[in-house]
Amino acid sequence: MTHGTVDTDHQPVLEARNQPLSQTHNSEMGQREEWNKKNPPTEAVIVRGLKTTELTPRRYRNTKARFYRLGGDIRLQPHLSELPPGGASVNHRHTTEAVIYIVKGHGHTIVSWDGVNSERIDWQEDDMFSFPVWMWHQHFNDSETETCRYLAIQDTFMVKAIGLHQIERFPENQD
Ligand SMILES: [Fe+2]
C-alpha cells in the first residue's frame, strides 16, 4: 500500500464501545453506571413528599439519592439527594447543566474553576440556584443535627443521547 491510496483489503478494524466520554482516572462514570444499574430511575408522572420519600445510599458521593424519569421525559432528569448532618458531597463537575432546588434544610455550595475563583452559595429550604456547566461544585450540609435534601434537574438524557455525558471528581477527592 502506498500513501494516498486506500487499500480496501486491509481496512483497519476498530472496536466500537459504548463508553463514556473521556474515561479518565478522575471520571465518576464507572461508579455511576454501576450504582444506576442497581438503582434504576423511578418512572412516574408525579412524585409526592420529596422531604420524606425513601432514598438509597450512594456512597461514592457521601449522599443518599433517587433518580427519576418523569412523564416519559427524554431530555430532563431529576434526582433527589440527601446529605447527612454535617456532611459534604464530593467536589465534582459534569457536562450536564443542573438547576438545584432545596427541598429541606440549609447549607452551602462551593463552586470554582479548577480550585480557584471559588464562590460560596449559601442556601436554605425553598431556594433554587444553578452555576455554569463543567464548573466544580461541592455541597455542604451546615446543620449538625438535621439532614438536608436537594432536587437537581439536569439535561442528562439529552446530553447522554449526543454522547457527551461526563462526570469528574476533583483530583484531591481521589482515593
Ligand atoms: Fe453535581
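Just so it is clear, the model here is predicted, and its values are computed rather than measured.

Caption draft 1: A look at the overall build of the chain. Secondary structure summary: the chain contains 2 helices and 12 strands in total. Of all 175 residues assigned to the chain, the portion counted as buried reaches 19%. Nonlocal contacts in the chain, meaning residues at least 24 apart in sequence, comprise 73% of its contacts between residues at least 6 apart.

Caption draft 2: Representation of the environment of Cys148 within the structure. Position of Cys148 among the secondary structure elements: in strand β11 (residues 148-154). Residue Cys148 is classed as buried on the basis of its 24 C-beta neighbours within 10 Å. Residues Cys148 and Gly86, spaced 62 residues apart in sequence, show a C-alpha to C-alpha distance of 9.5 Å. Excluding residues within four positions of it along the chain, Cys148 makes contact with Leu83, Lys104, Gly105, His106, Gly107, Asn141 and Ser143.

Caption draft 3: Up close: the pairing of strand β4 (residues 77-83). β4 sits mainly inside the fold: 7 of its 7 residues count as buried. Of the two faces of β4, the one carrying Gln77, His79, Ser81 and Leu83 and the one carrying Pro78, Leu80 and Glu82 are both buried. Direction of pairing for strand β3 (residues 63-70) relative to β4: antiparallel, over a ladder of 4 bridges. Of the residues in β4, the one forming a bridge with Phe67 is His79.

Caption draft 4: Expanded view of the pairing of strand β6 (residues 98-104). In this sheet, β11 lies alongside β6 in antiparallel orientation, the contact comprising 6 bridges. The partner of Lys104 across the bridge, within β11, is Arg149.

Caption draft 5: Spatial organisation of unusual backbone geometry. Unlike most non-glycine residues, Asp126 shows phi in positive territory, near 80 degrees. Inspection of the secondary structure assignment puts Asp126 in the loop between β8 (116-124) and β9 (128-129). Taking the number of C-beta atoms within 10 Å as the measure of exposure, Asp126 has 9 and is therefore exposed. At Trp134, a residue that is not glycine, the phi angle is positive and equals roughly 70 degrees.

Each value, and the rule that gives it
Residues numbered from 1 in each chain as written. Predicted model: local features only at pLDDT ≥ 70, side-chain atom pairs only at ≥ 80, totals over all residues. Helix = DSSP H or I, 4+ residues; strand = E, 2+ residues; numbered from the N terminus. Buried ≥ 20, exposed ≤ 12 C-beta atoms within 10 Å, placed from the backbone. Contact = placed C-beta atoms within 7 Å. Pairing = 2+ DSSP bridges.

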